[in-house]
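Here are the chains, one letter per residue:
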Amino acid sequence: MAALALGLLIAWLPAPPTVSLDVDHWGRPLGAYAEVLEDVGGTLDAAGARASDRWRPAERPVPSLGYSAATWWLRLRVQPARAGTHFVEVAYNNLDSVRLYVDGGPPRATGRALPFAARPLDHRHFVFPVKLRADAPTTLLLRVQTTGPVQVPVRVWRPAEFWNHQSRVLLTLGLYLGILLVMVLYNLFVFVATDDRDYLLYVVYVAFFLAWQTAQSGVGYQFLWPGAPGFEARFVDVAFGGMLTTFLWFTRRFLDTPRHVPGLDRVLVVATALSGGFTFAVALAPSFKPLGPPVGLGVAVLVLSTGVAAWRRRAPAAPYFLLSWALLLAAGVVMAFNRMGVLPKTWFTDHALMVGSALQVVVLSLALSERIRAMQRDKSTALEHLARSNAALERSNAELERFAYVAAHDLQSPLRTIASFVDLLELEFGDRLGADGRDYVRRVTAAAERMEHLIRATMDLSRARGSEAVSEPVPLDAVMASVKADLAADLETARCTLEVDDLPVVQGDPVLLRQVLQNLVHNAVKYACEAGDAVRVEARRDGEAWVLGVIDHGPGVAPEDAEKVFSPFWRGPGTGRREGVGMGLAMVRRIVERHGGRVWVEPTPGGGATFKVRLPAG
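So, here's what we can say about the structure.

Parameters at a glance
Residues numbered from 1 in each chain as written. Predicted model: local features only at pLDDT ≥ 70, side-chain atom pairs only at ≥ 80, totals over all residues. Heavy atoms only, no water. Helix = DSSP H or I, 4+ residues; strand = E, 2+ residues; numbered from the N terminus. Buried < 20%, exposed > 50% of the residue type's maximum accessible area, 1.4 Å probe, protein only. Contact = heavy atoms within 4.5 Å. Areas by Shrake-Rupley, 256 points an atom, 1.4 Å probe, with all protein chains shown as cover. Pairing = 2+ DSSP bridges. Axes fitted to C-alpha atoms, helices over the stretch in contact; angles between N-to-C directions. Patch = residues over 30% accessible without salt bridge, like charges linked within 9 Å, V, L, I, M, F, W, Y side chains within 5 Å. Salt bridge = Lys/Arg side-chain N within 4 Å of Asp/Glu carboxyl O.

### Thoughts on the overall build of the chain
Working step 1: When helices and strands are counted, the chain shows 16 helices and 19 strands.
Working step 2: Within the chain, the proportion of its 618 residues that are buried is 44%.
Working step 3: Within the chain, contacts between residues at least 6 apart in sequence are counted, and of these 74% link residues at least 24 apart.
Working step 4: Of the roughly 31900 Å² of accessible surface on the chain, 62% is carried by carbon and sulfur atoms.

Here it is as structure tokens:
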């Protein structure tokens, strides 16, 4: 009795409109001819859905029902001009469960939550072979349920048209994914060559974008992970979140927002953190999926605002950035108008988003390359400017040193005159000067002697840089023997010994290198040698050079004075009672640098200082 009543009720209900399939309908979304029913609790079966009075027109070519935990039913009546097997396609592969009932027959189940092998046809979308009658309409009843956005683009095809269409679609999709893959590999190679982290960020962004499109298009599930239905849904969301996060980070680096738009830069930092949090959250719990569209829209608005602000601040990369986003947004608008039926269905309107996103990726890659070229031009200009500045500085230093040498040389004559007249004053009037007068004479004489030492040291320092250096093999053993003979009196006075290892042959000027060794050893004897101490000179090989070491066990050099000791006229604390003007080590550094070497000081283990000189091997 109940079955009879249900049958009478179904017969009494008004039938939905019938689509008379012809050439204008093959492969076109038929949602505008369908009705939809929301099953909030998911309790209805097929008979209950057919009997419901809550059906309403879908109105749009592609019913888009948003994020919903409900189960949705879609009813469509079709009648072809010629009977036979047709393909009913649900061209949206992100539905967890899809069931098709044909004229009250048993359900045919598939969906993203089932292994790929469960699909009626080996295809990335949900395609059902159905036998349709020509003499009467066939009712197609679809039951769909998913955790993501609910879209039901239903299409009906004749098999020949379907496979012809798929060959074109697969060619387009292959070219699109291939462009993305090429951009990933190309920019990865550029990153390896340049070590520019912007390229690495761009590679990660495009890789996430490629992963998202591979999963979103159904290619990943069909070819890469057909036996992992649970992985499919999570992968799409994680790839989407990773794409947004890395693009925000890339935007900061590409537009240099800390410098050009610091206010928006702080917003970008927060947005990057929130987007990363969304990525982790949606990977752990699918309940966060509804946040995807608002997060994506917020990122798009923020990135576009940042690009406009950077362009107004004349950031160099901003025009390229805005062009890339304009291409992507225009493609999105074309696709949306096509889905709403405002624009006609053509190859371009169907694939506008692919075209726009591919162009965006290419434009950003070209922009990165242009930025590298601009940086190289700026670097080349800066190097040329630096070279000119260095040349001008070299000329200025040379002129200053020549002036110092000439001035020091010219000062010797009046200084000798002063010393001579002081000597005559003491000789002629010494007995009438008294104690104070003789003290004044001694002070003037001592000052003249110090002045003479300073003048001679200044001339030696200028000569060390300005004279023409000879380059020849120099046996340092012979040079050291001469130095030791010259310093014999100083060693005897200080009551210390000089220990010398076997020294190598180096390339350089024998006269100038003798000054290096003499100054270093003389300094060690004068400032660091007490009775019974030893100064040691050693050498070790270091690749294409030799490193000489002059080692003492005196008071050492404080770390903060390690550079100051090589400055002209600088004398460290505690050296005031020693003779000298502080020019010896300055002269050593200048000579060593003329030879393409280096000089520095290190602490000696146990106390003292070790002055090291690196010179090219002979």
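### Considerations on the sheet that holds strand S17 (residues 545–551)
Working step 1: If you trace the 5 strands from one edge of the open sheet to the other, you get S14-S16-S17-S19-S18, paired in mixed fashion. Strands with a single pairing partner mark the edges of an open sheet, and in this sheet they are strand S14 (497–500) and strand S18 (598–603). Going across the sheet, the axis of each strand differs from the next one's by a mean of 20°, ignoring polarity.
Working step 2: When strand S16 (residues 534–542) meets S17, the two strands line up antiparallel, connected through 7 bridges. Bridge assignment links Ala 539 to a residue of S17, and that residue is Leu 548.

### So, a nonpolar patch on the surface
Working step 1: The grouping of Leu 304, Val 308, Trp 311 and Leu 329 at the surface amounts to a nonpolar patch, some 330 Å² of accessible area in total.
Working step 2: Tallying contributions element by element places helix H9 (residues 292–312) first for the nonpolar patch, with 3 residues.
Working step 3: Examined against the element boundaries, Trp 311 turns out to sit in helix H9.
Working step 4: A relative accessible area of 49% places Trp 311 in the partly exposed class.

### Description of the pattern of salt bridges
Working step 1: Summed over the entire model, instances satisfying the criterion amount to 15 salt bridges.
Working step 2: A salt bridge links Arg 112 to Asp 96; the nearest nitrogen and oxygen atoms lie 3.1 Å apart. Linking Arg 112 in the loop between strand S8 (108–110) and strand S9 (126–132) with Asp 96 in the loop between strand S6 (84–90) and strand S7 (97–102), this pair joins segments that are 16 residues apart in sequence. Comparing Arg 112 with Asp 96 shows no difference in burial state: the two are buried.
Working step 3: Measuring nitrogen to oxygen at the nearest pair gives 3.2 Å for the salt bridge that ties Arg 536 to Glu 499.

### Observations regarding unusual backbone geometry
Working step 1: In the Ramachandran plot, Arg 314 falls in the positive-phi region, its phi being about 65° despite a non-glycine side chain.
Working step 2: Structurally, Arg 314 can be placed in the loop between H9 and helix H10 (318–339).
Working step 3: By relative accessible area, which is 74% here, Arg 314 ends up exposed.
Working step 4: One non-glycine residue with positive phi stands out, namely Arg 495, at about 55°.
Working step 5: Examined against the element boundaries, Arg 495 turns out to sit in the loop between helix H14 (488–494) and S14.

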